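These are the residues of each chain, in order.
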Amino acid sequence: MFDLYRWGRTVGVAAGVVAGLTGVGLAAALRRPLPRVSGTVRLPGLQAKVEVRRDRWGIPHIYAEQHADLLAGLGYVHAQDRLWQMELNRRTGHGRLAEIFGPIALSSDTFIRTLGFSALAQHEVGLLEESAHTLLTAYLTGVNGFLDAHTNRLSLEFSLLGFAPRPWELADILVWPKVMALNLSTNWTSELLHARIVAAVGAERAAALYPGYPDQAVQTIPPGVVYDPEIGAAALRMLADAAPFTGELGGPQGSNAWAVHGSRTLNGHPLLANDPHLALALPGIWYLAHLEGGDFHVTGGTFPGSCGVVIGHNRHIAWGVTNGMTDNQDLYIERFDPADPLRYQWRGSWERATLRREMIQVKGQATPTTIEVRSTRHGPILDAVTEPSPGALARPRDVDEQFHEVLALRWTALDPSPGVVHSVLDLNRAQTWGEFRSALAKWDVPPQNFVYADRQGNIGYALAGRLPLRSGHDGTLPVPGWDGAHEWRDFIPAEAMPAAFNPPDGLVVTANHQVTGPDYPFHAQLKGEWLNPYRAERIVSLLYAEPRHDTRSFARIQHDFVSLPGLELARLVADLGLDDLLEQQARDLLVAWDGNLRPESHGGAIYSALRYHLLRLTYAELGPLLLAPTAPGVFTTIPANLYLERALPLLLERIATAQAPGRPDPWLGPGRTWDDLLRTALARAVAELRTLHPDPNRWRYGQIHRLTLRHPLGNVAALTPIFNRGPWPAGGDIDTVSQAYAPRHSPAGPSFVAPSYRHIIDLGNWDASRVVLPAGQSGHPASPHYNDMASAWRTGGYCPMLWSRKAVEAHTAAVLILE
């Protein structure tokens, strides 16, 4: 999430501090913040005692008589183990990073302040349901109680950066879901890429190149609109500079989730699996917790700094999530009066934009930086995309008036609503499919697919989120905001969202693929940029491959590295004529490959390199749009990365259906053939792989695909051995069930998207359920739980998801009483 690559100068003071902390001094500095996990401590505000039992994996099992005390206990353990992460998250959401990092974080703060997350969170405090307000306030009791008692024993990061956290407030809890929504709802950057492609190659060619699903309609360009090649440059520049803190947007942050009916399991009860795919980091985004008290008994993954269990199970139901990949963002091109920066055009007349001033405190800067944010009826203005001129970026050709055109962002996350908080708290206590759907009706952003199973033997699927019904466009391109012809007319009703309950085949699967067909009433209006269907297809085939499943077979599926497109591409090059002996050898190794992208795979290395070059050669006409950073500087994004990955099914289909791959395919452009592209791509792949070793039999996928778990401060050379872990050879890619996406081109810094959490839940025996994180529970580098799950995560292992009091006591390593 936070990739502070090339950040040496940002924390130069930190490096000096570490240089002075050697040997015993450094060890003491690392151990001092370690939390107390046994004995008795006082936590003001509790109504009764709270018992925290930590098992040998550092997972807290929290017991209380009342649910308010239970949530206070959760706040306390979150602060014990992840206070620095919580601080970084809330500062990101409020746009207050420059206060501790200095000018390098100003772009991030500017971007977030432009979106207005902090003001939204403050507004949402007043919209909280009374019960939610009580529970969130109790959570703050735990966080602030820990802060009050440990002002001199804070995490090492606070010492390195020289500040102490302020007390937590309700808005701090509500702001983090906005940042999560930002990372998982990224259509607006795709709209800018699509517009630039239209400008580069024309509307007809852009529609032909577009990597949509087979039944998706072609892109709809507003009549007469012409896009400027530099549309959105300032907005992308602001986003790029923010990427080290907000995370690089536009990546395939998806997930797998599936459930099967008891008729498909060995014990006759449903099984449910989930592994959310997010950018990996230290500490990880998830924190495991088991809560029992009042009307709560729930376990699973929580977000430090937030209330409740986001994914997991309670006494009655289990659930998991994947990113919906559905489109809830649109860019509107607004026309402002050059003589009045607050007057913009709307349906033939003028309206006034609102103006909000934000003052950003910057470390090392005597006076704050002030920014002005304008907002129209559609949302905040992201950038000034052109200067007033007749050649504006999106102007009907017969209009010659001068306007100042800018981009406004319409996004459901910018409508004040604490819906996600309400939804999570309701999910934690839901008992039936009906209560589950009622809880999801409150979920607004980001849109998510949910899988469901319950103790009564039912399974189900539901899409949750607030999704617009558009007029006059399909959401793939920026549209005029001045004419009123492209507005959101309504939202898909919660009760009409896609759902399935006890499907006839006894299974539900979601892996970020398109989930509806033509029979769904809103199919034509449900827009998205879904990932390739290969993971979903592989999961379904593996579920059908065994007549009865258990947690072990589900674990094998979660760790499956077979690449369906890899096998298809290997088949397509089997008869490719080649002159070079080394290229022939590489081709033969690829053809003989079993499709398994294990780290030790020869064919996997060849396929990965071939795929990379084939995609870029095919789309070469897009030129600099493929690789050029979106802005100058070291912190940039490349929206074309995911565009190309989503184009792979289209390419493979065209190669497979070509009547003669050696003859020109008009789709490729004049004179270009698939055989020539495959030969050139293979030649380039072999040329780069031979730098590993002259013998292709010595090539290994894990040599070019490696994982390092990085801490936000770990890219400072002096801090790397303290905070980072790895590197390790890694298997998988964007299209394998065990996803592991590491884009070659990520100027914001190394990125590795993979399962950020795995669980397998047995509805017949809660104690037989399993869970694992990529690193560990603790955010303290000196803790034994900083990365004690890393080996299990990489090799197919899990920890028990303890539920019963008997099982918890059998594995208890420490008991802490809060009173």
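Bear in mind the structure is a predicted one, so any value in this text is a computation, not a measurement.

## A closer look at helix α6 (residues 117–125)
Residues that lie three or four places apart on an α-helix share one face, since the helix turns once every 3.6 residues. Within the span of α6, buried status applies to Phe117, Leu120, Ala121 and Glu124. Considered in projection along α6, the buried side chains sweep an arc of 100 degrees and stay on one side of the axis. Summarising the contacts, the buried residues of α6 are in contact with α3 (67–94), α5 (106–115), α9 (170–184) and β16 (404–411).

## Observations regarding the confidence of the model for the protein
Chain-level statistics for the protein give a pLDDT mean of 91 and a share of 89% at 70 or above. When pLDDT is averaged over each helix and strand of the protein, the minimum, 49, is found for helix α1 (residues 12–20) and the maximum, 99, for strand β3 (residues 60–63). Ignoring residues within four places in sequence, the model shows residues 1–9, a span with pLDDT below 50, making 43 contacts including any to other chains. Counted against residues more than four places away or in other chains, residues 395–400, with its pLDDT under 50, gives 15 contacts.

## Quick notes on unusual backbone geometry
Pro446 follows Val445 through a cis peptide bond whose omega is -10 degrees. In this structure, Pro446 sits in the loop between α14 (433–440) and β17 (448–454). A cis amide bond links Gly726 to the next residue, Pro727, at an omega of 10 degrees. The topology assignment puts Pro727 in strand β25 (residues 725–729). Positive phi, normally seen in glycine, also occurs at Arg347, with a value near 50 degrees. Looking at the element boundaries, Arg347 is found in the loop between β11 (340–346) and β12 (349–352). If you check the backbone angles, Asn502 has positive phi at about 50 degrees while not being a glycine. With respect to the helices, strands and loops of the structure, Asn502 is situated in the loop between β22 (499–501) and β23 (507–510). On the basis of relative accessible area, Asn502 is assigned to the partly exposed category, the value being 30%.

## Observations concerning empty space enclosed by the protein
Gaps between atoms show up when a probe of the same size as a water molecule is rolled over them. Applying the stated criterion across every chain yields a total of eight cavities of 30 Å³ or more. When its volume is computed, the largest cavity comes out at roughly 330 Å³. Here the element with the most residues in the lining of the largest cavity is α9; it accounts for five residues. Class assignment of the residues belonging to the lining of the largest cavity gives a composition of 18 nonpolar, six polar and no charged.

## Looking at the pairing of strand β30 (residues 812–818)
When a strand is regular, its side chains alternate between the sheet's two faces. Relative to β30, strand β1 (residues 39–41) runs parallel, the two sharing three bridges. Looking across to β30, one finds that Val41 is bridged to Leu818. Two strands pair when backbone bridges link them, and strand β2 (residues 50–55) and β30 are joined in this way by six bridges, in the antiparallel orientation. Among the inter-strand pairings, Val52 is bridged to a residue of β30, identified as Leu816.

## Quick look at the packing of aromatic side chains
Counted under the stated rule, the structure contains 23 aromatic pairs. Taking the centre distance of 5.5 Å and the plane angle of 50 degrees together, the rings of Trp286 and Tyr757 count as tilted. You can see Trp286 sitting in the loop between β5 (271–279) and β6 (287–293) and its partner Tyr757 sitting in the loop between β26 (753–755) and β27 (758–762), a full 471 residues away along the chain. Given a relative accessible area of 4%, Trp286 falls into the buried group. Three or more aromatic residues joined by ring pairs form one cluster here, namely Trp433, Phe436, Trp443, Phe450, Tyr452 and Phe501. Arg205 extends its terminal NZ or CZ atom over the ring of Trp667, reaching a point 5.5 Å from the ring centre. A cation over a ring is seen here: Arg466 above Phe491, with NZ or CZ 3.9 Å from the ring centre.

Scoring rules and cut-offs
Residues numbered from 1 in each chain as written. Predicted model: local features only at pLDDT ≥ 70, side-chain atom pairs only at ≥ 80, totals over all residues. Heavy atoms only, no water. Buried < 20%, exposed > 50% of the residue type's maximum accessible area, 1.4 Å probe, protein only. Helix = DSSP H or I, 4+ residues; strand = E, 2+ residues; numbered from the N terminus. Arc of directions from axis to C-beta. Contact = heavy atoms within 4.5 Å. pLDDT = per-residue confidence, 0-100. 1 Å grid on protein atoms, 1.4 Å probe; cavity = no way out; pocket = protein on both sides within 12 Å on 5 of 7 lines; lining within 4 Å. Points joined across faces, edges and corners; volume = space filled by probe spheres on them. Nonpolar A, V, L, I, M, F, W, Y, C, P; charged D, E, K, R; others polar. Pairing = 2+ DSSP bridges. Phe/Tyr/Trp six-rings, centres within 6.5 Å; stacked < 30°, edge-to-face > 60°. Lys NZ or Arg CZ within 6 Å of the ring centre and 35° of its normal.

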